[in-house]
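For reference, the chains in residue letters:
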Amino acid sequence: MHAMTVQETKVVVVAEGDSPSEIANARGHLFEHFIARLSARFGFTEPRRENLNVTSNGIELDIVLTHVSNGRTVLVECKAYSSPVPAKELVAFYGKVHARRLAEPETEGLMFVLPGLTSEGAEQARTIQARDSLFRYFDADRVADIARQLHLIEPLPVPLRDRMLVDPALVVTEHGIFSARVVLDIDTRQGVEVVVWGPVPVPEPVVTLVAADRYARGLPIVAYWGTSGVPPAGVEADLPVLVEVRGGESGLDHRLPAAAEFFVGRERLISEIVEQVGAVSSVVIHAKSGWGKSSVALRLKDEIERRGGCATVLDTRAVSHHGYAAAALRQFVDQAATAGLVTLGGEQSWDGVASAVRSVGDATWNTSGRPLLLFFDQFESVFGDELAARDFRDLLLAMSGAGIPLTLGFAWRTDLADWSTDIAHPVRHQILAASAVFTLQTWTEDEIDGFLTSPHAGLSAGTAARLRTYGQGLPWLLKKLAEHITGRSTKVLAHQQLDVAALFEQDLAGLRPMERRALEKIASAAPVPADEAADLAPAVVIDSLIAARLLVDVGGRLDTYWDLFREYLISGQLPEEVSSVVRHLRRGWTPSGWQRLLPYEAMFVEIAVATATVLDLDGSLDELFDQIGISRAETLPKGSQTGLSWGISDDADMETNLLKIRSRESLRTALAARGLRLPTTVGELAETLATIGVYHHQTENGVERWRCEDDLPEVAQVLTLPDEFVQDEQRVALLTRILPATDQLFQHLRDRGRPEVLTTSVQRLADEATMDTSVVRVALDGMIRYREARVQRFSVDVAPADLEHLAGHARITLLLGWGPKDDHEEEIDLRSLRWSGPPWQVYQRVAEQFSQVGEDKEGLITTLGALPFAARFSGGDSSFYSLAQAAVEGRTSVLAAAQAFQELADRGLLIWKHEIQEVWFGEPELPERPSPIGDTAP
């Protein structure tokens, strides 16, 4: 038997039961009894339980003991988890002990943590014990020492020659306490079996329970007692299959991620992530399906290798084995060793996460600043397997505490149906909490142009122009559409509905009925082990589907080429946000003022007419609604005859109702000035807008045609509005566009040292301040109007109206009037203030308090509503937002806006991340708020 370095002992508690709750209850009682036996070693009385909680993550037990000799009260907290416990749990428990000492100064504290605290927590525990003689901390090793003293751990009765034993465990059962070890093959260092023994013969139920526990990893169990139990020879381990992600062979291959040589854009994101590699334990990249996560991972691999580091990107759809995480780590370390970046120690074990991390921790790393990245792609597939997901979680946490210069990476989709109920939901949040998180956005206009004009794409100017219209900034969709429209005539395209379902049907058009049925069966069960797929379809059919690239083989498991294609095969439907690519909304819908002047239903009229214009669709308004998939049941129950709603409701507060009434009456007044009456239905509204020039409507040969100009006119261009509404719109523009952009640019310039004269360009300012060029132009407008700044070109002042036409690369000079500043004056950045809770709850609580006294002292409520908070929207957009801004955009009171935020939070549609002071409109991925620069409709 080969000797190994000392390893921590696991405590495995297994129990029988007819239901998960019965098993959890039995495990809790067994663990409590086990702790009582250990406590008796120190002369304590029988414990009194205060709390017992058993979850999939582990067991938590709080008990109170009394010392027999001196009568002192002893508080005991026990935690048995699969991974190290964070230091905050130690701090919390020590706080309880101190609180008890206020009444009983001699109270003792015992903390049992299995396997132990993190390295930071263990160091804090040692410091506390050195200063507090009444506090003791026990990790797995110390628990094992006590168990040996109590003769709960016995030596293995039969020596195993040419075998390596790892992962010692103490198995607690109702039949007694037994010992266990995992046996490794000498050559492969992979587990081949688990041996279990004890002071009495191991009962058959114990063998069954151990085999079912994650400790056994699916390995065969061999029970020993005395000299019996000779293990069977030649046991072969079922090794995990590791599949590396590969890129497409062309720039238009939409079935595979972009290879590094075809990658376009996102260079700033790549640079930011690479800078985190080596500095953090883990990075997470998440976004909706098809937004380019896998392509980014391959580009990261390329960049890291160019810098002399080592990177691997694995497709985790191949995960079918409990030992995958450890096997992935071993493969990566072998690659790093081949590259001369690490020298492994003599004793290695790769059976399980704990032993693998120990082996890596004992190695000598020769990175010299060269980055190391082990990346797990398609990770949403792992969340369906709780044991596998916890293995990856444990790998991350163990690596974090081991000081290993390797960063793990994860990429997963955020648009799955229900993130909150999957079995690995807590694991996902634990990974997020321990990681630097990056959310992909859609391609910018510059990135779209970069792709369309790339020589790898090989697109004609006409094709590129059409793709700009349809693509929505989604990499997969641009590639898919390029494949679809290349070579087709403009006339044919103009009469086609280019929706994703139609494109998928095009993929399926050449299949025989047998092939389609086979594809649907495999999709319903995917990913399917290849040897099981034969039960679903004949091998020749499967081979034909693979040849057509509709199925892919990922490590011996079959899946569709894309997850949204799989969802379409199963349900015949797609998520709403990707179901159609033909819905369009003209730029400027929000900032133009139409959204606030018109009733809610007006947006659907705009979508229908704008889309008909882009795709050259003809028909009545109702026919257009049907063609582009606007659901009548949910939005327009009577189609064009649906009555208009103005948001006036008995449930709304008075201020909100007054604002809605003001909008309606402003429109009534403006239309009356042109001899028109206020419309009452959707159809009447569309005809009225056509009459004043917002749309064009005509009928030729019995066919209706609705069209619009490319640019949406400003409200003031076609209607004379009351002064009160005009002033409201000026306030909206100030709060929603000008001031936020101005403040962001102002903060950037202040951080640069408050320059009085700066030679730059719009593009350079955008790059330095991480802003879009269009937003920089708005910010410069605000700087001129509100910050006493001047923008000059060739020593001539540039007027705000000319900023829009200023080329991005054109050199400009900024003259900034900062004004006097006291040396002792501290500039206050309101964005650095911390909210004591979700901003909408804080606002409602304060508003309620002041409503009771009938006053708002010094405008506190008004100020509170205007205070900014960070908001991260789906698609990765982030900005500062305020309740006042939400109120003016939605034309409601600030209180109504706060209540709307609370409703969204109650429904799980947004989350307040208190630690980082951010509102997340996503995770899961959620509908975005209206964008003032968007050109496509949801």
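Residues numbered from 1 in each chain as written. Predicted model: local features only at pLDDT ≥ 70, side-chain atom pairs only at ≥ 80, totals over all residues. Heavy atoms only, no water.

**What about helix α22 (residues 602–615)?**
Part 1: An ideal rise of 1.5 Å per residue puts 20 Å on 14 residues; α22 measures up with 20 Å between its terminal C-alpha atoms.
Part 2: Where burial is concerned, most of α22 is hidden: 11 out of the 14 residues are buried.
Part 3: Within α22, the full set of buried residues consists of Ala602, Phe604, Val605, Glu606, Ile607, Ala608, Val609, Ala610, Thr611, Ala612 and Leu615.
Part 4: In the segment just after α22, Asp616 is the residue with positive phi, at about 60 degrees. (Helix = DSSP H or I, 4+ residues; strand = E, 2+ residues; numbered from the N terminus. Expected span 1.5 Å × (residues − 1). Buried < 20%, exposed > 50% of the residue type's maximum accessible area, 1.4 Å probe, protein only.)

**A look at the packing of aromatic side chains**
Part 1: A full pass over the atoms with the stated rule returns 11 aromatic pairs.
Part 2: Pairing Phe376 with Phe410 gives two aromatic rings, centres 5.7 Å apart and planes at 35 degrees, and the pair type is tilted. With a gap of 34 residues between them, Phe376 in strand β15 (residues 372–377) and Phe410 in strand β16 (residues 407–413) connect regions that are remote in the sequence. Each of the two residues, Phe376 as well as Phe410, counts as buried.
Part 3: Measuring from ring centre to ring centre gives 4.9 Å for Phe379 and Phe410, while their planes differ by 70 degrees; the resulting arrangement is edge-to-face. Of this pair, Phe379 sits in the loop between β15 and α10 (386–402) while Phe410 sits in strand β16; the two residues are 31 residues apart in sequence, bridging distant segments of the chain.
Part 4: Assessed through its relative accessible area of 0%, Phe410 is described here as buried. (Phe/Tyr/Trp six-rings, centres within 6.5 Å; stacked < 30°, edge-to-face > 60°.)

**Remarks on the packing of helix α6 (residues 267–276) against helix α7 (residues 293–306)**
Part 1: Taken N-terminus to C-terminus, the directions of α6 and α7 make an angle of 60 degrees; their axes are 10 Å apart at the nearest point. Relative to α7, the element α6 lies oblique. The two elements α6 and α7 cross, and the hand of that crossing is right-handed. Contacts between α6 and α7 involve Glu267, Ile270, Ile273 and Val274 from the first element and Val296, Arg299, Leu300 and Glu303 from the second.
Part 2: For the contact of α6 with α7, the residue count by class is 5 nonpolar, no polar and 3 charged. (Axes fitted to C-alpha atoms, helices over the stretch in contact; angles between N-to-C directions. Parallel < 35°, antiparallel > 145°, perpendicular 65-115°, else oblique. Left-handed = near helix turned anticlockwise from the far one by under 90°. Contact = heavy atoms within 4.5 Å. Nonpolar A, V, L, I, M, F, W, Y, C, P; charged D, E, K, R; others polar.)

**Describing the nonpolar core**
A general tendency of soluble globular proteins is for nonpolar side chains to be buried together.
Part 1: Judged by nonpolar contacts, the single largest core of 41 residues is most densely connected at Leu329, Phe376 and Phe410.
Part 2: Of all the secondary structure elements, the ones that give two or more residues to this core are β12 (310–315), α8 (324–338), α9 (353–361), β15, α10, β16 and α11 (425–433).
Part 3: Looking at this core element by element, the count peaks at 8 residues for α8.
Part 4: Excluding residues that lie within four positions of it along the chain, Phe376 makes contacts with Leu314, Thr316, Tyr324, Ala328, Phe392, Leu395, Leu408, Gly409, Phe410 and Ala411.
Part 5: Core analysis: the second largest hydrophobic core is formed by 40 residues, Val609, Leu678, Tyr695 and Cys708 among them. (Core = buried A, V, L, I, M, F, W, Y, C linked by side-chain atoms within 4.5 Å.)

By themselves these figures say nothing about function.
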